[in-house]
Structures are given as structure tokens and as C-alpha cells.
Amino acid sequence: MTMNQKASDQGWQQLQTRIEVFLDQALRSEVESIEDRPRLLSQLLVMPYERHQNELQE
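All of these numbers come straight from a predicted model, not from anything done at the bench.

Draft legend 1. Examining the overall build of the protein more closely. A tally of regular secondary structure across the protein gives three helices and zero strands. The buried share of the protein, taken over its 58 residues, is 3%. If you sum the accessible surface of the protein, you get close to 5800 Å²; carbon and sulfur atoms cover 55% of it.

Here it is as C-alpha cells:
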């Protein structure tokens, strides 16, 4: 393996690590956001599909 290939592999490994860290943080943030709004979430779960579609279009 040449030096150029090693550098390229390291670059890809760093990119993969950054993506994994970003996704982990984003998913944690989303879970916390959902946990903070259980009332809203429960309303969406019981809302009829047609009403939900109408509210999204507004």
C-alpha cells in the first residue's frame, strides 16, 4: 500500500467517524425532543389520518 493510499484510507476513516458521531448526536437530540413533547406526540397518534393531512397542507 502506498503512502497515498494510506492517507486516503485515513481520510475515509475520519469521515466515517465524523458521520457516526453526527448521527449519534442527531438521534439523541431527536429522542430528547420527542420525550419533551409527549402530549403533542400522543395527540398525533390519536388524530385521524385525514385531519392530519389537512393540517399539514395548511
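Still to come is the rest of the account.
Draft legend 2. Region of interest: the pattern of salt bridges. Following the criterion strictly, the structure yields one salt bridge and no others. Across the pair D24 and R28 runs a salt bridge, and its minimum N-O distance is 2.8 Å. Here R28 and D24 lie together in helix α1 (residues 3–36), a separation of four residues that amounts to about one turn. The exposure class of D24 is partly exposed, given its relative accessible area of 36%. Overall, R28 belongs to the exposed group, its relative accessible area being 52%.

Draft legend 3. Representation of the environment of Q5 in the model. With respect to the helices, strands and loops of the structure, Q5 is situated in helix α1. Taking the relative accessible area as the measure of exposure, Q5 reaches 41% and is therefore partly exposed. A polar atom in the side chain of Q5 sits 3.0 Å from the backbone nitrogen of T2.

Thresholds, definitions, all that
- Residues numbered from 1 in each chain as written.
- Predicted model: local features only at pLDDT ≥ 70, side-chain atom pairs only at ≥ 80, totals over all residues.
- Heavy atoms only, no water.
- Helix = DSSP H or I, 4+ residues; strand = E, 2+ residues; numbered from the N terminus.
- Buried < 20%, exposed > 50% of the residue type's maximum accessible area, 1.4 Å probe, protein only.
- Areas by Shrake-Rupley, 256 points an atom, 1.4 Å probe, with all protein chains shown as cover.
- Salt bridge = Lys/Arg side-chain N within 4 Å of Asp/Glu carboxyl O.
- Polar contact = N/O pair within 3.5 Å; in protein donor to acceptor, adjacent residues only side chain to side chain.

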